[in-house]
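What follows is each chain in one-letter form.
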Amino acid sequence: MIQPRSCRGGVFLRLPGYCSATLSGPGARCAIMLAGLAMIAFPAVPAHPQQNSGPDLTQSSLEDLMNIRVTSVSKKEQKTSQAPGAIFVISQDDIRRSGALNIPDLLRMVPGLDVAQIDAGKWAVSARGFNGQYSNKLLVLVDGRTVYTPIFAGVFWDSQIVPLDTIERIEVIRGPGAAVWGSNAVNGVINIITQKPGDTQGGYLSAGIGNISTGSETVRYGGKLRGLGAYRVYAEGFHYDSLPTLEGLDGKDDWRLVHGGFRADSELSAKDSVTTEGETYQGDAGEMATTPVSITPPETETVALHDVYSGWNLLSRWSRTISPRSQTSLQVFFDRTNRRDTTYALGVNTFDIDFQHHVALGPRQDVVWGVGYRVSSDDTSPTLRIVFAPQDRNLHLFSSFVQDEIALRPDRLKLSLGARVEHNDYTGIGFQPSVRMVWTPDVRNMVWGAISSADRTPSRSDTDIRVNYAALPGPGNMPMLVSLFGDPNFKNERLTAFEIGYRNAWTRKLSVDSTIFYNRYRDLVSVEPGAARIETDPASLNLLVPSYFRNGLHGETHGLELFANWKVATFWTLSPGYAFFSLHLHPFAGSQDFTDAAGTEGSTPDHQAQLRSSVNLARGLQWNASTYFVNRLPAVSIPSYTRVDTSLIWNAGERFSLSVIGQNLTKSLHPEYAGPNATVQTDLMRRSAYAKFTWSF
Amino acid sequence: MEAVRRALNLAQALILLTVVVLALDLLKPACAQTATDEYKVKAAFLFHFAQLVDWPSDASNSGDQSFNLCIFDDEPHLQELQSILEGKRIGTQVVHVRLLHQAQLAQRCSILFMGRDEGRRQVAVLRNLRGQPVLTVGESDDFLSEGGIIRLHLEHDKIRFDINVGAADSSHLKISSRLLLLAKSVTLGDQAKGGQ
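Note that the structure is a prediction, hence the values are computed from the model and not measured. (Residues numbered from 1 in each chain as written. Chains lettered and ligands numbered in written order. Predicted model: local features only at pLDDT ≥ 70, side-chain atom pairs only at ≥ 80, totals over all residues.)

## Re the overall build of chain A
Stated precisely, the cut-off is as follows: A run of H or I in DSSP counts as a helix once it spans at least four residues, and a run of E counts as a strand once it spans at least two, with each numbered from the N terminus. Partly exposed residues are those falling between the two cut-offs: more than 12 but fewer than 20 other C-beta atoms within 10 Å of their own, whereas 20 or more means buried and 12 or fewer means exposed, with C-beta atoms placed from the backbone. Whether two residues are in contact depends on their C-beta atoms, placed from the backbone: they are in contact if these lie within 7 Å.
Helix and strand counts for chain A come out as nine helices and 36 strands. Within chain A, the proportion of its 697 residues that are buried is 45%. Of the contacts formed within chain A by residues at least 6 apart in sequence, a portion of 63% connects residues at least 24 apart.

## Re the overall build of chain B
Summing up its helical and strand segments, chain B has seven helices and eleven strands in all. Classification of the 196 residues of chain B by burial places 41% in the buried group. Contacts in chain B between residues at least 24 apart in sequence constitute 59% of all its contacts with a sequence separation of at least 6.

## Some thoughts on the nonpolar core
Nonpolar side chains tend to gather and get buried jointly when the protein is soluble and globular. Just so we agree on the cut-off: Nonpolar cores are built from buried Ala, Val, Leu, Ile, Met, Phe, Trp, Tyr and Cys residues. These are joined into a set through C-beta atoms within 7 Å.
Formed by 83 residues in total, the largest nonpolar core has its most connected members in A:Leu106 and A:Val125. Apart from the residues within four sequence positions on either side, A:Val125 is in contact with A:Pro104, A:Leu107, A:Leu113, A:Val115, A:Ser135, A:Leu138 and A:Trp157. Of all hydrophobic cores here, the second largest spans 46 residues; its members include B:Phe45, B:Val53, B:Leu126 and B:Ile159.

## Notes on unusual backbone geometry
All names here are of chain A. Note the cis peptide between Thr296 and Pro297, where omega equals -5°. By the secondary structure assignment, Pro297 is in the loop between β15 (272-294) and β16 (299-323). Going from Ala389 to Pro390, the amide bond is cis rather than trans, its omega being 0°. By the element assignment, Pro390 lies in the loop between β20 (386-388) and β21 (392-409). We note that Asn664 has phi near 55°; this positive angle belongs to a residue other than glycine. Positionally, Asn664 belongs in the loop between β35 (656-663) and β36 (688-696).

## Regarding the pairing of strand β13 (residues 229-240) of chain A
It is a general feature of regular strands that their side chains alternate between the two faces of the sheet. All names here are of chain A. We apply this condition: For two strands to count as paired, DSSP must find a minimum of two bridges between them.
Counting buried positions along β13 gives nine out of twelve residues, so the element sits mostly inside the fold. As defined by bridge partners, strand β12 (residues 213-225) adjoins β13 across twelve bridges and the pair is classed as antiparallel. Looking across to β13, one finds that Leu225 is bridged to Gly229. Hairpin connection between β12 and β13: a loop of three residues separates the two successive antiparallel strands, and Gly227 in this loop has a positive phi of roughly 75°. Summarising the sheet, β13 and strand β14 (residues 255-267) pair through twelve bridges and their orientation is antiparallel. Its bridge partner being in β14, Val233 is matched across the sheet by Phe262.

## Things to note about the sheet that holds strand β2 (residues 86-91) of chain A
All names here are of chain A. Taken in spatial order, the five strands line up as β2-β9-β10-β5-β6 in an open sheet, and their pairing is mixed. A single partner strand is all that each edge strand has here, and the edge strands are β2 and β6 (145-146). Looking at chain direction, β2 and strand β9 (residues 167-174) are connected through six bridges and run antiparallel. Directly across from Ile90, in β9, lies its bridge partner Ile170.

## So, the domain arrangement of chain A
Worth spelling out the cut-off: All the domain ranges listed were derived from an automatic or database domain assignment.
Its domain assignment divides chain A into domain 1 (10-65) and domain 2 (74-696). For domain 1 of chain A and domain 2 of chain A, the distance between their C-alpha centroids amounts to 42 Å.

## Description of the confidence of the model for chain A
For clarity, the cut-off: You can read pLDDT as the predictor saying how much it trusts each residue, on a scale of 0 to 100.
Of all residues in chain A, 89% have pLDDT values of 70 or greater, and the mean over the chain is 86. This stretch, residues 1-53 of chain A, has a pLDDT under 50; its non-local contacts, to residues over four places away or in other chains, come to 72 contacts.

## Notes on the environment of A:Gly261
All names here are of chain A. With respect to the helices and strands, the residue Gly261 is situated in strand β14. In this structure, the C-alpha to C-alpha distance between Gly261 and Thr194, residues 67 residues apart in sequence, is 12 Å. Setting aside chain neighbours within four positions, we find Gly261 in contact with Tyr234, Glu277, Gly278, Glu279 and Thr280.

## Concerning helix α4 (residues 120-129) of chain B
Because each turn of an α-helix spans 3.6 residues, side chains separated by three or four positions end up pointing in the same direction. Residues and elements named next belong to chain B. So the rule is basically this: Arc definition: it is the arc formed by the directions from the helix axis to the C-beta atoms.
Of all the positions in α4, only Gln122, Val125, Leu126 and Leu129 are classed as buried. Buried residues along α4 cover an arc of 95° about the axis, so they all sit on one side. Phi turns positive, to about 85°, at Gly131, one or two residues after α4.

## Quick look at the sheet that holds strand β9 (residues 158-164) of chain B
Residues and elements named next belong to chain B. Under the convention used in this document: Only the stretch in contact is used when fitting a helix axis, every axis being a line fitted to C-alpha atoms; angles between N-to-C directions are given from 0 to 180 degrees.
On the basis of which strands lie adjacent, the open sheet formed by eight strands has the order β4-β5-β3-β6-β7-β8-β9-β11 and mixed pairing. Strands with a single pairing partner mark the edges of an open sheet, and in this sheet they are β4 (89-90) and β11 (185-187). Note: strand β8 (residues 150-155) against β9, six bridges, orientation antiparallel. Across the sheet, residue Leu154 finds its bridge partner in β9, namely Ile159. Packing of helix α3 (residues 78-85) onto the sheet brings it into contact with β3 (66-72), β5 (93-100) and β6 (111-114), and relative to β5 it is tilted by some 165°.

## Description of the environment of A:Ser376
Residues and elements named next belong to chain A. Tracing the backbone through its elements, the reader meets Ser376 in strand β19 (residues 365-381). Through-space distance from the C-alpha of Ser376 to that of His396 is 6.7 Å; in sequence the pair is 20 residues apart. Leave out the neighbours within four places in its chain, and Ser376 touches Pro150, Val348, Asn349, Thr350 and Leu395.

## Quick look at the confidence of the model for chain B
Residues and elements named next belong to chain B. Per-residue pLDDT for chain B averages 77, and the proportion of residues at 70 or more is 72%. Per-residue pLDDT, averaged within each element of chain B, yields its smallest value for helix α7 (residues 191-194) (42) and its largest for strand β7 (residues 135-138) (93). Predicted confidence is poor over residues 25-34, with pLDDT under 50, and the contacts of this stretch with residues over four places away or in other chains come to 29 contacts. Confidence drops under a pLDDT of 50 for residues 191-196, and excluding neighbours within four residues, the segment shows nine contacts in the predicted structure.

## Regarding helix α2 (residues 38-52) of chain B
Stated formally: The span expected for a helix works out to 1.5 Å for each residue beyond the first.
Across its 15 residues, α2(B) extends 21 Å between first and last C-alpha, which sits within 8% of the 21 Å expected from 1.5 Å per residue. Those residues of α2(B) that fall on the buried side of the exposure criterion are B:Glu38, B:Tyr39, B:Lys40, B:Val41, B:Lys42, B:Ala43, B:Ala44, B:Phe45, B:Leu46, B:Phe47, B:Phe49 and B:Ala50.

## Points about the environment of A:Val142
Here A:Val142 lies in strand β5 (residues 138-142). Take A:Val142: there are 23 C-beta atoms within 10 Å of it, and that puts it in the buried class.

## Examining the packing of α2(B) against α3(B)
Residues and elements named next belong to chain B. The line we're drawing: Here the word oblique covers every angle except those under 35 degrees (roughly parallel), over 145 (roughly antiparallel) and from 65 to 115 (roughly perpendicular). By convention the crossing between two helices is left-handed if the near helix lies anticlockwise of the far one by an angle smaller than a right angle, and right-handed if it lies clockwise. Each residue gets one label: Ala, Val, Leu, Ile, Met, Phe, Trp, Tyr, Cys and Pro are nonpolar, Asp, Glu, Lys and Arg are charged, and the others, such as Gly, are polar.
Following both chains from N to C, one finds α2 and α3 inclined at 50°, their axes separated by 8 Å at the closest point. With respect to each other, α2 and α3 are oriented oblique. Where α2 crosses over α3, the handedness of that crossing is right-handed. On α3, the residues touching Tyr39, Lys40, Ala43, Ala44, Leu46 and Phe47 of α2 are Glu80, Leu81, Ile84 and Leu85. The residue makeup of the contact of α2 with α3, split by class, is eight nonpolar, no polar and two charged.

Right under this line is the structure:
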């Protein structure tokens, strides 16, 4: 039997005999290889690529058509577009068109997300305020594996990068999602979901070169698992050149990463499927930081550091469909992370097991519940700058959650009640409930509202850390250390959030999504001054000027997020977006916070606006352009800036594509982010150009 | 120099990997099945439906040279459907994909395709077409219960279809037994529900 579409590309059309499974002898393979090589040398461009790509499906029988596996994204997008929350989905098509070279760059397109680059390989990414190099109120997951580090409470964006070409979609939820996703999903959740191996069959090669991303190569291969399913393996390597410092000197922040991994999906039976995936990476990044280099004699300098990191992880998920109304999944993952430079050194093992059950109760209730356990055990080494006490620690997290979606009036009014109960070693039992209501008077309009509570739980850097910021000559030439200490009794930072959203799609050519929110935070971190005293360690005798983390602040934020998608014509889409944000922090009685309130208030822009345009030109050409306006950050002296990125993509048939990408086109040499919540020196963004070639075979 | 050496090492590793991948490519069956765009396959289904359904001889466009297959102009997958179907021959007729504006009615269509996200428009359109010789093909869960004739859906990434024979009968369409045999489910339809 002929499998329609079993071979891709025009060449095979003329060789129908070779497409049958029985005729796939060595001769056929040879012919196909030669044909493939011929196509590299002479990439033939069909006059109408859309019509000539692939065999004529209408000539296949219905029975054959019923056996074709199809790729479908719209089904899932449909679900998220009806979700009662501030959700934005970046699809594989958006990724390809955007010309973004890394995940943070890609996230700029999400209205309401604040993405600011610090140096060549470090970013501050947050939703709804509190941005920093380690944004501790944003949870990030890759295929269900959390990449939020329990040491620094944030995400190492330079190591958690899946190759962009294997991502199916990124779901970004602004606002609290703790009831379902867990603690630390306070201001947002980012779910990075990779493609199913069945959708990445065959070979794929991409190579790019530019003036900042000086080289990037991806190799991927996907195959079948003898009637059991499909797999893929991939490897990627890239290098980014260093950026200039504010003074125009070399920022010494060039970085590189080599990583590789696999994913295998197998269907054990009609009811059971298992996904197994793993990744390993190794990278190093330069950075500049001001740090004590010696205590006796006291010396503090801005030095070039070399951050070396590596790690691996393995995840397996077993999903079982008991009936169309009842599904379970059991997921286990292990993650090892190593990082060090001269100022810090750590390793973390994380083991996590998670069970979920999704069941429809009666005609109107849809329940998801789950239980989980996580243990993270770390080992740190003291440096002149950072010391953890105790050096090594095991942390256990027990969690359980339930969410019940009740159709009060089918297809019109839904109520969703969720709650999570967690136990962690620092703060004991925590309860994070949420109530959501969604009203869909018709398919074109949707109004939703939510009241939720979410906790940011303590991390090692809140409780057990000592940071020596500076070593200076003190009175009588005694060395003096300026240091910050964690608080062993640090409490959860707690949010109560009120959100209202409205989505409107009068026609499928124009849709508008708007959200307003009001957030109240309690027990936010403050930095309190302490009394100076004499220490006998780390130097034999030194003066210590300490300050301490405490939960001394409370505050409110409010804001507006607007987004529209307008299909101006069949070939042209415009997507404007706007976000307004305001944050006010106040000290509790007794708090003498002297740094954190002002710095945090002024480190998120109050106004952000963007306009993206995507045009399909003739002959497989696509042109995309994005403009981002970000208002100034007064607390950290970052002026406002407008960033323009563009890409021109030529799809030569289904196998080859060539992209030319320009970033920061209007304004070269501007900073995007600076401390206080960054540990490294700020560098300047440069105008950049990049060219990329991809080949599927 | 260090940078150059590292770059060379990386390049070497990648070339080696490429060779391995190409070698793997030689080992795989020449025609591994790859996933195909959902709506291109659905377009082929529509083409087969056109051949396996008989329209009454007095249908409005039965004598025409062109076979009108209608899709609303805001259908997100319009381009895939159009690229496969436009200009195909069904007997003596040539398939012409007609784009409908929202308010326009679909009376002169032989087939009307409606996507997943139709909502209220679907109810109105199906009510208006009740009894008319138009083969309605849709995707939403309630397509058949609202009076549609064939519903396409996915099952483990493969396309399946259900047929509402009651609705076909009242539209005077004769569906071939071959199509009925291949259908995942055949319902006699609730005549009352789609009407009035």
